[in-house]
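Observations on the model geometry
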Amino acid sequence: MARANRAPSPNAQRGAAAVFAAIALVTLLSALTLAIDVGRLYTAQRQLQRLADLAAIDGARVQSQCLGDAGLDEVTAEVRGSLARNQSAQGVTPQVLLGRRQSGANGLQRFVASAPSQSADSVQVGLSRTSPARILPLFVGDETRTLHARAAAQATWVASARLGLPLGTGASPTFLNQFYGGLLGSNLALTADQYRASADASISVSKLIDARVEAGQSLPDLEQAEPVFGLLSQIAGMLNDTGDTVAATAVQAFATAVAAGRPAAEVVPAEVLGLPPDTVIGAYDGATASVGDVLNAVAGAVSDGEPITIPDLNLPPPLGDTSVTIRIPQPGKPGSFTPGSEQIEVSNSDSVFTSAGLVQVRTRLVDPITGAPFELPLLIVLQPAAARVTGLSCARLGQASNQARVSAQGAVMRFALGSSSDFTSGGGDLLAALGNVLPADLITLTLLGQSVKIKVQAGPYVFGDASPETLCLQGPPWGSAVQCDGAPAQVGGFSSDQAADYLGENLGDVRLTAKLPNGLPLNGLLQGVVNDRLATLTEVIQPAMRLLAAQLVPILQSVNLVAGATPVMVQGAKVVQPEVYAQ
């Protein structure tokens, strides 16, 4: 007979429940303890990483504080100071390396340590400390485990380069008013003192941003197009606030002329101020803009591209009435507050460059035999000079001051006497503008009852050197066109006087030809008459062309159309707030 199963007694059930409860409690306590340990470990690791980030930023700031490479000892001292300031120096062991920032094939940024003899642009800080004691050690030796954190930071720099002479240098206010009035589409009536004051004045970009905030712009965006009148009026107000009322009057006159002649004109403030694209507002701190450069950039930006004719340059005898027609196919860009780069091209948006120009000059001379006037047609093509700051290094043993490295290329001038349909067609290809120069009519003689045309031609000639050059300038103070060795800081290789001499010498080598009508026999008598007239005209033209060149080159340079050597300067340099790019 089978035995029936007995149910567990209540006491047995209670005992089993107690065992299971104890096991569950131990498991729960272990899980809770483990969670606390993991949380403490995570917090400690995150705090260590934060300390590494802050220390790397502080180290990078010191590494670039004088616009160049500081030594490892100085950077290490700053890293230790950063840890102390954050009350975490106790028990933390730092390791500091100097190196360079590089981009990998996948686009990720990484730190590569530099040898002692190599330059560096980044700081990597590695920190280690003993991990917090655990409530529930899982392994033998847990109490001696070490936490590690690493961060690399870089402090980039920006610098302001400038090319050419200050606004209005070497030209009369009459010419400047006619030229800039033509670009702005309305009349200007500024004095020489007002042009000089605007050329000497500068504004702080950060203060301009503050003024725009006070005017109601909660988030000023310097890379959005806006009316020219408003921007120039703000700049005029800033100059008035600093007591520079003469420059303020000049800026306000430009604003009024734009409002009258180009009422719908807009500009991008960053472009006319010479600021780099896609730059955060904080990077503008310390940036300055030359008021003269801004006015020149604004005038070029709002121009409709039509030629501007100045009917009389008021040149001394024997030049008589000399008119000039100028077309600006590519306005210059003012001194650019740009990040460093080795590339130097006019097409590069971060390069500063002078204006490109097509210039047609008509000089009226007098035939010494007949007393009748005749015109000489001079054609000039000006390709711009360009520059940008490509490197900075700080004062140290053996180098008494901070030094900026500037890459630049000079302007090139092409010129000729004669006529060219390519030149006047309005095309944008400067190289083709003097590709087909033909003899131009000069005077007409009457021989044996028939007209004999005397034609003139010279060139085309090329002057200037666009080969890349590297210049060394030092500061602060910046703003001087003098190299580190005391030599003039200029690009192009030839002075303005040499440019004028070269222009005059070649234009003096004119070729005069006689075009006889069909049926007029060229006998010895006629040949002698023609040759005498050609010799007489040549004696008048050659010295006149030399004088014209000496007068014309400074006038063109006054409106950022440079020929010959071009002054190069650094207006300012600063370090942008460092950033962490690798951990």
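As shown above, the structure is provided for reference.
The notes below deal with the structure included here. All values reported here derive from a predicted model rather than from experimental measurement.

1. Considering the overall build of the chain
- Counting secondary structure elements, the chain contains 12 helices and 25 strands.
- Counting all 583 residues of the chain, 46% fall into the buried class.
- In the chain, the share of contacts with a sequence separation of at least 24, taken over all contacts with a separation of at least 6, comes to 73%.

2. A short note on the nonpolar core
- Counting 97 residues, the largest nonpolar core has Phe175, Phe179, Tyr180 and Leu442 as its most contacted members.
- At 12 residues, the largest contribution of residues to this core is made by helix α12 (residues 524-557).
- Residues contacting Phe175, with those up to four places away along its chain left out, are Ile310, Leu313, Val324, Ile326, Ile555, Ser558 and Val559.
- Core analysis: the next-biggest nonpolar cluster, separate from the first, contains 23 residues, Leu48, Val75, Leu98 and Val123 among them.

3. Focus: the sheet that holds strand β4 (residues 146-154)
- If you trace the 5 strands from one edge of the open sheet to the other, you get β2-β1-β3-β4-β25, paired in antiparallel fashion. In the strand order of this sheet, the two ends are held by β2 (109-113) and β25 (579-582), each with one partner. Strand-to-strand twist across the sheet, computed as the mean angle between neighbouring axes with direction ignored, equals 45 degrees.
- In this sheet, β25 lies alongside β4 in antiparallel orientation, the contact comprising 3 bridges. Directly across from Gln154, in β25, lies its bridge partner Glu579.
- Strand contacts of helix α2 (residues 72-85): β1 (93-103) and β3 (122-130), with the helix running at about 120 degrees to β1, the strand carrying the most contacts.

4. Focus on the side chain of Thr363
- Mapped onto the elements, Thr363 comes out in strand β14 (residues 356-366).
- By relative accessible area, Thr363 is classed as buried at 1%.
- Contacts of Thr363, omitting those with residues within four sequence positions, involve Leu319, Asp321, Thr322, Phe374, Glu375, Leu376 and Leu548.

5. With respect to helix α3 (residues 173-184)
- The terminal C-alpha atoms of α3, which comprises 12 residues, lie 16 Å apart, in line with the 16 Å expected from a rise of 1.5 Å per residue.
- Every buried residue of α3 is listed here: Phe175, Leu176, Asn177, Phe179, Tyr180, Gly181, Leu183 and Leu184.

6. Regarding helix α9 (residues 291-302)
- Taking 1.5 Å of rise per residue, 12 residues should cover 16 Å, and α9 covers 17 Å from first to last C-alpha, within 8% of that figure.
- In terms of residue burial, α9 counts as a mostly covered element, since 11 of its 12 residues are buried.

7. Examining the pattern of salt bridges
- Enumeration according to the criterion identifies 7 salt bridges in this entry.
- Note that Glu78 and Arg85 form a salt bridge whose closest N and O atoms lie 2.8 Å from each other.
- Connected through shared salt-bridge partners, Asp58, Glu78 and Arg85 make up one network.

8. Some points on the environment of Leu365
- Positionally, Leu365 belongs in strand β14.
- Among the residues examined, Leu365 registers a relative accessible area of 1% and is labelled buried.
- Separated by 176 residues in sequence, Leu365 and Ile541 have C-alpha atoms that sit 8.0 Å apart.

9. Observations concerning the packing of helix α6 (residues 228-241) against α9
- Taken N-terminus to C-terminus, the directions of α6 and α9 make an angle of 170 degrees; their axes are 12 Å apart at the nearest point. In terms of orientation, α6 lies roughly antiparallel with respect to α9. Of the residues in α9, those touching α6 at Val228, Leu232, Ile235 and Leu239 are Val291, Val294, Leu295, Val298 and Val302.

10. Some points on the pairing of β4
- Here β3 runs beside β4; their pairing, made up of 9 bridges, is antiparallel. When the sheet's bridge partners are listed, Leu127 is paired in β4 with Ala149.

Procedures and definitions
Residues numbered from 1 in each chain as written. Predicted model: local features only at pLDDT ≥ 70, side-chain atom pairs only at ≥ 80, totals over all residues. Heavy atoms only, no water. Helix = DSSP H or I, 4+ residues; strand = E, 2+ residues; numbered from the N terminus. Buried < 20%, exposed > 50% of the residue type's maximum accessible area, 1.4 Å probe, protein only. Contact = heavy atoms within 4.5 Å. Core = buried A, V, L, I, M, F, W, Y, C linked by side-chain atoms within 4.5 Å. Pairing = 2+ DSSP bridges. Axes fitted to C-alpha atoms, helices over the stretch in contact; angles between N-to-C directions. Expected span 1.5 Å × (residues − 1). Salt bridge = Lys/Arg side-chain N within 4 Å of Asp/Glu carboxyl O. Parallel < 35°, antiparallel > 145°, perpendicular 65-115°, else oblique.

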